[in-house]
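The chain contents come next:
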Amino acid sequence: MCSGIFRTSELFDKRRPACSKKIEHFVVRISKDCIFYHRYIGMNFISALSNQKGFSIISVLLVGTILSISGMATVTTLLNQQAVQKEVRFKDNVLHIRNSLLSAITSDSSWMMTRAKNAQMKCVSSSQKFCTPGETERLNIALYDAEGTIIYDSAIPSAGYRMDGTRCDTYSSAGDDSCPLHVSLKWRAQCANSTCSSFEDYISIHFVYTPHSKENKFPFNPANYNVVEQSRGQFGGNDSPVLICARKGMIFIGEKNVFNGQTSDGEGCISYAAFLGPRGPQGPTGPTGPMGATGMMGPQGYNGADAYCP
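Residues numbered from 1 in each chain as written. Predicted model: local features only at pLDDT ≥ 70, side-chain atom pairs only at ≥ 80, totals over all residues. Heavy atoms only, no water.

Asks: What is the right way to look at the overall build of the chain in this model?
Replies: On a plain count of helices and strands, the chain comes out with 5 helices and 12 strands. Burial status across the chain gives 28% buried among its 310 residues. In the chain, 49% of the contacts between residues at least 6 apart in sequence involve partners at least 24 apart. When the accessible surface of the chain is summed, it comes to about 21,500 Å², and 59% of that surface belongs to carbon and sulfur atoms. (Helix = DSSP H or I, 4+ residues; strand = E, 2+ residues; numbered from the N terminus. Buried < 20%, exposed > 50% of the residue type's maximum accessible area, 1.4 Å probe, protein only. Contact = heavy atoms within 4.5 Å. Areas by Shrake-Rupley, 256 points an atom, 1.4 Å probe, with all protein chains shown as cover.)

Asks: Please explain the state of the cysteines as it appears in this structure.
Replies: Defined simply, a disulfide is a covalent bond joining two cysteines at their sulfur atoms. A full pass over the atoms with the stated rule returns 2 disulfides. The disulfide partner of Cys168 is Cys179, and the gap between their sulfur atoms is 1.9 Å. Looking down the S-S bond of the Cys168 and Cys179 bridge, the torsion is 80 degrees, so its handedness is right-handed. With a gap of 11 residues between them, Cys168 in strand 5 (residues 167-168) and Cys179 in the loop between strand 5 and strand 6 (181-191) connect regions that are remote in the sequence. Of the two residues, Cys168 and Cys179, neither departs from the other in class, the shared state being buried. (Disulfide = S-S within 2.5 Å.)

Asks: I keep staring at unusual backbone geometry and nothing clicks. Help me out?
Replies: Outside of glycine, negative phi angles account for most residues, and trans bonds account for most peptide bonds. For Phe130, which is not glycine, the phi torsion reads 70 degrees and is therefore positive. Within the fold, Phe130 resides in the loop between helix 4 (108-117) and strand 1 (139-140). Despite not being glycine, Asn260 has its phi angle at roughly 55 degrees, a positive value. Take Asn260: it is sitting in the loop between strand 10 (258-259) and strand 11 (262-263). Under the relative-accessibility criterion, Asn260 is labelled exposed at 57%.

Asks: Explain the environment of Asp108 here, please?
Replies: Considering the arrangement of structural elements, one finds Asp108 in helix 4. Classification of Asp108 by relative accessible area gives exposed; the value is 53%. In this structure the C-alpha to C-alpha distance between Asp108 and Asp145, which are 37 residues apart in sequence, comes to 9.8 Å. In this structure the side chain of Asp108 is engaged in a polar contact, spanning 2.8 Å, whose partner is the side chain of Arg232. (Polar contact = N/O pair within 3.5 Å; in protein donor to acceptor, adjacent residues only side chain to side chain.)

Asks: Sorry, what's going on with the pattern of salt bridges here?
Replies: Two side chains bearing opposite charge may form a pair once their charged atoms approach each other closely. In the structure shown here, the tally under the stated rule is 6 salt bridges. Lys91 is the partner of Glu87 in a salt bridge, and the nearest nitrogen-oxygen pair spans 2.9 Å. In this pair, Glu87 and Lys91 are both assigned in helix 3 (residues 52-106), 4 residues apart and thus about one turn of the helix distant. We classify Glu87 as buried; its relative accessible area is 19%. Judged by relative accessible area, which is 26%, Lys91 ranks as partly exposed. (Salt bridge = Lys/Arg side-chain N within 4 Å of Asp/Glu carboxyl O.)

Asks: Help me understand the nonpolar core, please; the structure alone is not making it clear to me.
Replies: It is characteristic of soluble globular proteins that their nonpolar side chains tend to be buried jointly. Ranked by internal contacts, the top residues of the largest apolar core, which has 35 residues, are Leu101, Leu181, Trp187 and Ile205. Secondary structure elements with two or more residues in this core: helix 3, strand 6 and strand 7 (199-209). The element best represented in this core is helix 3, accounting for 7 residues. Core analysis: the second largest hydrophobic core is formed by 5 residues, Ala223, Val228, Cys245 and Cys269 among them. (Core = buried A, V, L, I, M, F, W, Y, C linked by side-chain atoms within 4.5 Å.)

Asks: Would you mind going over the packing of aromatic side chains with me for this structure?
Replies: Aromatic ring pairs are described here by two measures, namely the spacing of the ring centres and the angle between the planes. Going through the model one piece at a time under the given rule, you end up with 9 aromatic pairs. Their ring planes at 15 degrees and their centres at 5.1 Å tell us that Tyr152 and Tyr161 sit as a pair that is stacked. By relative accessible area, Tyr152 is classed as buried at 1%. Exposure remark for Tyr161: the relative accessible area of 4% places this residue in the buried category. Connected via pairs of aromatic rings, a cluster forms that spans Phe90, Phe207, Tyr209, Phe218, Phe220 and Tyr225. The ring of Tyr144 has Lys117 lying over it, and the distance from NZ or CZ to the ring centre is 5.7 Å. (Phe/Tyr/Trp six-rings, centres within 6.5 Å; stacked < 30°, edge-to-face > 60°. Lys NZ or Arg CZ within 6 Å of the ring centre and 35° of its normal.)

Asks: How do you make sense of the confidence of the model for the chain when you look at a structure like this?
Replies: Detailed reading of the predicted model is not advised wherever pLDDT is low. Here the chain averages 77 in pLDDT, while 74% of its residues score no lower than 70. Confidence over residues 34-46 falls short of pLDDT 50; this stretch has 1 contact with residues more than four positions distant or in other chains. (pLDDT = per-residue confidence, 0-100.)

Asks: Is there a simple way to think about the side chain of Arg188 in this case?
Replies: Summarising the element assignment, Arg188 is placed in strand 6. Polar side-chain contacts of Arg188 include one of 3.1 Å to the side chain of Glu229.

Asks: Looking at this structure, I do not really get the pairing of strand 8 (residues 227-231). What am I missing?
Replies: Taken residue by residue, a regular strand's side chains alternate between the two faces of the sheet. Counting buried residues along strand 8, 4 of its 5 residues qualify, which places the element largely inside the surrounding structure. For strand 7 and strand 8, the ladder comprises 3 bridges, and the chain directions are antiparallel. Within strand 8, the position partnered with Ile205 by the bridge is Val227. (Pairing = 2+ DSSP bridges.)

What follows is the structure in structure tokens.
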């Protein structure tokens with residue numbers, strides 16, 4: 001509107017010189033009003049921008065967004081910590097289970113009760129099943145304490161342990177969160193003579209972990225808790241195969257497994273050399289070092305024979 005007034009004043013100034021002063025006075029007045037109008041609008045606009053009420057809403061939205069992001073990060077961290085703690089507790093419970101089984105196996109009174117309660121463990125002949133030298137079959141046994149209370153029955157396929165380390169009877173190879181851990185206690189004997197008047201017990205312990213839900217499928221290596229087959233007399237050390245191999249300066253990978261062309265021994269141990277890459281070319285000969293200090297003078301030699309002059 002104001003720009004149109006200025007253009008109209010210019011047109012009258014050119015066509016009617018006599019009216020130019022009046023028009024100039026009128027235009028100056030209108031222009032002042034226009035300038036005042038623009039300043040008023042500008043000030044109101046700036047005032048609107050600086051309105052504290054308007055910015056309080058933006059501030060609330062901004063703070064709310066920051067708190068939401070922070071809250072989500074905190075919840076994620078807490079969930080991760082809970083998952084780690086759950087994994088650590090479970091592995092600690094498995095270690096306690098392993099130690100309790102080993103304790104019962106190494107206890108003479110507990111082992112005598114276990115033999116008495118398992119009918120097939122009564123070896124009376126070297127031709128008897130599970131008692132023959134070189135026997136390939138193994139018997140899943142039930143383990144008892146000295147009072148005859150069952151500790152664990154490996155002969156029951158559904159026997160297992162809960163996440164908290166207590167016994168359960170709903171284990172399934174398909175996966176069950178309420179009973180995800182199964183332990184296999186296998187036994188055989190080696191008779192010293194045909195009547196099996198004396199024999200040596202051989203036992204192995206193997207753990208199997210089959211949870212159902214994704215949150216319980218954290219990394220768990222049963223080989224760290226298994227006990228490879230060995231005579232009962234060797235159980236006193238409570239050694240896992242990892243420790244057995246480490247004591248020999250080797251690494252456990254499982255019995256008769258092959259890695260990089262090398263086969264593990266009867267205890268599942270393999271040399272560290274299997275994990276080494278090919279030997280690289282020999283480097284250049286280094287510079288000769290400084291000459292060492294002069295050594296001590298040796299002892300004086302014997303005098304030779306006197307010279308003979310004819």
